[in-house]
Amino acid sequence: DTLEELNELAKTAGALVVGKVRVRRRTIDNATYVGSGKANELSLMGSELEADLFIFDDELSAIQLRTLEETLGARVIDRTTLILDIFAARATSREGKLQVEPRLIGQGQVLSRLGGGIGTRGPGEKKLEIDRRRIRRRVFELETELSEIEKQRGLRRESRKANRIPLVALVGYTNAGKSTMLNALTDSNVLAEDKLFATL
């Protein structure tokens, strides 16, 4: 049950879950994902429960996020953002932190493009350009740093091969018992909790 798993993910991230709603639709609404009627219902429910965050069990587009936040009057995130938030909070290595840097999503504010005269640009257009430039620069920095880490990893891999150092991987779904098994096999003291993504 993905909704139950989402509930556990929310708890892992530190949220207090105050309500759950399952919506059945034939088609996904491009603007609100759930349809405007259901979005208004959720808004009323959110007010009643004093909810300050809505988490959707699917990936939402930037337009859907913006429209839902306006309709619900609260912050809206999707499953992917929730998982990335958990990863960002738990990542310990430099590479891990770089890989889970939160996605840069526009705030959904309508920015004016009206200028103060011929040849001038409105404050909105200027802000959009600055934001885009900043995002492009940050993405370039992250890609450069990650490629350096990848090179270092390659050198360490070659060193292990040359020295015949065995490499073992424990693979399994989140909360399957990998950390518990690692602790039992190696006398390690890795955090092992009954939580989704407790360790990375």
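Residues numbered from 1 in each chain as written. Predicted model: local features only at pLDDT ≥ 70, side-chain atom pairs only at ≥ 80, totals over all residues. Heavy atoms only, no water.

**Q** Please clarify how the overall build of the chain should be interpreted in this entry.
**A** Looking only at helices and strands, one finds seven helices and two strands in the chain. Relative to its 200 residues, the chain shows a buried fraction of 24%. Summarising the internal contacts of the chain: among those between residues at least 6 apart in sequence, 44% fall at separations of at least 24. Of the roughly 14,400 Å² that the chain leaves accessible, carbon and sulfur atoms contribute 53%. (Helix = DSSP H or I, 4+ residues; strand = E, 2+ residues; numbered from the N terminus. Buried < 20%, exposed > 50% of the residue type's maximum accessible area, 1.4 Å probe, protein only. Contact = heavy atoms within 4.5 Å. Areas by Shrake-Rupley, 256 points an atom, 1.4 Å probe, with all protein chains shown as cover.)

**Q** Hey, could you run me through the packing of helix α2 (residues 36-49) against helix α3 (residues 62-72) in this one?
**A** The axes of two packed helices give the description: the angle between them and the distance between them. Relative to each other, α2 and α3 sit at 50 degrees, their axes nearing to 9 Å. The angle between α2 and α3 falls in the class oblique. Crossing geometry of α2 relative to α3 is assigned as right-handed. Every residue of α3 that contacts α2 at Ala 39, Asn 40, Leu 42 and Ser 43 is listed here: Leu 68, Thr 71 and Leu 72. (Axes fitted to C-alpha atoms, helices over the stretch in contact; angles between N-to-C directions. Parallel < 35°, antiparallel > 145°, perpendicular 65-115°, else oblique. Left-handed = near helix turned anticlockwise from the far one by under 90°.)

**Q** Looking at this structure, I do not really get the pattern of salt bridges. What am I missing?
**A** Note that side chains of opposite charge can pair when their charged atoms are close. Tallying each qualifying case throughout the model produces twelve salt bridges. Measuring nitrogen to oxygen at the nearest pair gives 2.2 Å for the salt bridge that ties Arg 79 to Glu 5. Taken together, the residues Arg 79 in helix α4 (residues 79-90) and Glu 5 in helix α1 (residues 2-12) connect sequence positions 74 residues apart. Across the pair, exposure class does not vary: Arg 79 and Glu 5 are buried alike. Here Lys 38 ties to Glu 41 by a salt bridge, and the two come within 3.1 Å at their closest N and O atoms. Here Lys 38 pairs with Glu 41, and both are found in helix α2, just three residues apart, close to one helical turn. You can call Lys 38 partly exposed: its relative accessible area is 24%. Bridged by salt links that share partners, the residues Glu 5, Asp 57 and Arg 79 form one connected network. (Salt bridge = Lys/Arg side-chain N within 4 Å of Asp/Glu carboxyl O.)

**Q** Before we go on, may I ask you to explain the packing of aromatic side chains in this structure?
**A** When we look at a pair of aromatic rings, we describe it by the centre distance and by the angle of the planes. Applying the stated criterion to the full structure yields two aromatic pairs. Ring centres 6.1 Å apart and planes at 90 degrees place the aromatic pair Tyr 33 and Phe 56 in the edge-to-face group. Taken together, the residues Tyr 33 in the loop between α1 and α2 and Phe 56 in strand β1 (residues 53-56) connect sequence positions 23 residues apart. Residue class for Phe 56 comes out buried when judged on its relative accessible area of 8%. (Phe/Tyr/Trp six-rings, centres within 6.5 Å; stacked < 30°, edge-to-face > 60°.)

**Q** Even after reading the chapter, I still don't get the nonpolar core, so can you show me in this structure?
**A** Ranked by size, the top nonpolar core spans twelve residues in total: Tyr 33, Val 34, Ala 39, Leu 42, Phe 54, Phe 56, Leu 60, Leu 65, Leu 68, Leu 72, Ala 74 and Val 76. At the level of elements, α2, β1 and α3 are the ones that each hand at least two residues to this core. In contact with Ala 39, not counting residues within four places along its chain, are Thr 32, Val 34, Leu 68, Thr 71 and Leu 72. Counting residues in hydrophobic clusters, the runner-up holds nine residues, among them Ile 77, Leu 82, Ile 86 and Phe 197. (Core = buried A, V, L, I, M, F, W, Y, C linked by side-chain atoms within 4.5 Å.)

**Q** How do you make sense of the side chain of Ser 43 when you look at a structure like this?
**A** Among the structural elements, Ser 43 can be located in helix α2. Ser 43 gets classed as buried once you look at its relative accessible area, which sits at 16%. There is a polar contact of 3.3 Å between the side chain of Ser 43 and the backbone oxygen of Thr 71. If we ignore the near neighbours within four places in the chain, the residues touching Ser 43 are Thr 71 and Leu 72. (Polar contact = N/O pair within 3.5 Å; in protein donor to acceptor, adjacent residues only side chain to side chain.)

**Q** Explain the environment of Gln 64 here, please?
**A** Position of Gln 64 relative to the elements: it lies in helix α3. Residue classification places Gln 64 among the buried positions, given a relative accessible area of 7%. Taking the C-alpha atoms as reference points, Gln 64 and Ala 31, separated by 33 residues in sequence, lie 5.0 Å from one another.

**Q** Can you walk me through the pairing of strand β2 (residues 75-78) in this structure?
**A** Regular strands place side chains that alternate from one sheet face to the opposite one. Relative to β2, β1 runs parallel, the two being bridged by four bridges. Looking at β2, one finds that Leu 53 is bridged to Arg 75. (Pairing = 2+ DSSP bridges.)

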